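What follows is the residue order along each chain.
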Amino acid sequence: MIYASQSFCKEASEAFIVKLYNTSIRVISPDHFVESISVIVENKSTSKMIGKLVREKGEVVNFFSLLPEEHGAVETKITKEQRLFYVPVSPAFQTIELLFGKDAYEIPPKL
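A brief report on the enclosed structure follows. All of these numbers come straight from a predicted model, not from anything done at the bench.

## Things to note about the overall build of the chain
What the chain contains, in helices and strands, is zero helices and nine strands. Reading the secondary structure of the chain in the N-to-C direction produces β-β-β-β-β-β-β-β-β. Relative to its full complement of 111 residues, the chain shows a buried share of 35%. Sequence-distant contacts, at least 24 apart, represent 52% of the contacts inside the chain between residues at least 6 apart. Carbon and sulfur atoms form 53% of the exposed surface of the chain, whose accessible area is close to 7300 Å².

## Here's the deal with the pattern of salt bridges
Side chains carrying opposite charge are able to pair once their charged atoms draw close together. Per the stated rule, a full pass over the model turns up four salt bridges. With its nearest N and O atoms 3.7 Å apart, the salt bridge here joins Arg-26 to Glu-106. Within this pair, whereas Arg-26 is found in strand S2 (residues 25-28), its partner Glu-106 is found in strand S9 (residues 105-107), the two being separated by 80 residues in sequence. Given a relative accessible area of 16%, Glu-106 falls into the buried group. For Glu-97, the salt bridge is made with Arg-83, and the minimal N-O distance between the two is 2.9 Å. Of this pair, Glu-97 sits in strand S8 (residues 96-98) while Arg-83 sits in the loop between strand S6 (71-77) and strand S7 (84-90), and the two are 14 residues apart along the sequence.

## As for the nonpolar core
Core analysis: the biggest nonpolar cluster contains 20 residues, and Val-18, Val-39, Val-41 and Leu-98 have the highest contact counts within it. Elements that contribute at least two residues to this core include exactly strand S1 (16-20), S2, strand S3 (36-43), strand S4 (49-55), strand S5 (60-66), S7, S8 and S9.

## A word on the packing of aromatic side chains
The description of an aromatic ring pair rests on the distance of the ring centres and on the angle between the ring planes. The final tally for this structure, using the stated rule, is three aromatic pairs. Measuring from ring centre to ring centre gives 4.9 Å for Phe-16 and Phe-100, while their planes differ by 65°; the resulting arrangement is edge-to-face. Remark: Phe-100 occurs in the loop between S8 and S9 and Phe-16 occurs in strand S1; sequence separation between them is 84 residues. Residue class for Phe-100 comes out partly exposed when judged on its relative accessible area of 23%. Taken together, a centroid distance of 6.3 Å and an interplanar angle of 50° make the contact between Phe-64 and Tyr-86 tilted. With Phe-64 in strand S5 and Tyr-86 in strand S7, this pair connects stretches of sequence that are 22 residues apart.

## Thoughts on the sheet that holds S3
With mixed pairing, the five strands of this open sheet are ordered in space as S6-S3-S1-S2-S9. The two strands at the open ends of the sheet, each matched to only one other strand, are S6 and S9. Sheet twist, expressed as the average angle between the axes of neighbouring strands with direction ignored, equals 20°. Across four bridges, the pairing between S1 and S2 is antiparallel. Considered in S2, the bridge of Lys-19 is made with Arg-26.

So, how was this worked out
- Residues numbered from 1 in each chain as written.
- Predicted model: local features only at pLDDT ≥ 70, side-chain atom pairs only at ≥ 80, totals over all residues.
- Heavy atoms only, no water.
- Helix = DSSP H or I, 4+ residues; strand = E, 2+ residues; numbered from the N terminus.
- Buried < 20%, exposed > 50% of the residue type's maximum accessible area, 1.4 Å probe, protein only.
- Contact = heavy atoms within 4.5 Å.
- Areas by Shrake-Rupley, 256 points an atom, 1.4 Å probe, with all protein chains shown as cover.
- Salt bridge = Lys/Arg side-chain N within 4 Å of Asp/Glu carboxyl O.
- Core = buried A, V, L, I, M, F, W, Y, C linked by side-chain atoms within 4.5 Å.
- Phe/Tyr/Trp six-rings, centres within 6.5 Å; stacked < 30°, edge-to-face > 60°.
- Pairing = 2+ DSSP bridges.
- Axes fitted to C-alpha atoms, helices over the stretch in contact; angles between N-to-C directions.

Given below as structure tokens:
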């Protein structure tokens, strides 16, 4: 007798992982809020990527300048009331909010 089953796995991490591609950005989020959080940015594209990590009021946490296949990381502290964003600077792209407890998401969303 043969049994076929499908299993689905939620992609999760203890840090925010922001993967930069040529035409999209993918974010993997921690399951739960923590005050001290790491943000890892990986350049999976074929060109240099420049971006910044900011809090909602424009406070810059860190700048990233990454060649293809490079990555950078930063640890920061935030409160539950604060929002955290990754802002692509060059090439310019949509600002992405980093959300705790959310399934992996992509900008623009895959259809």
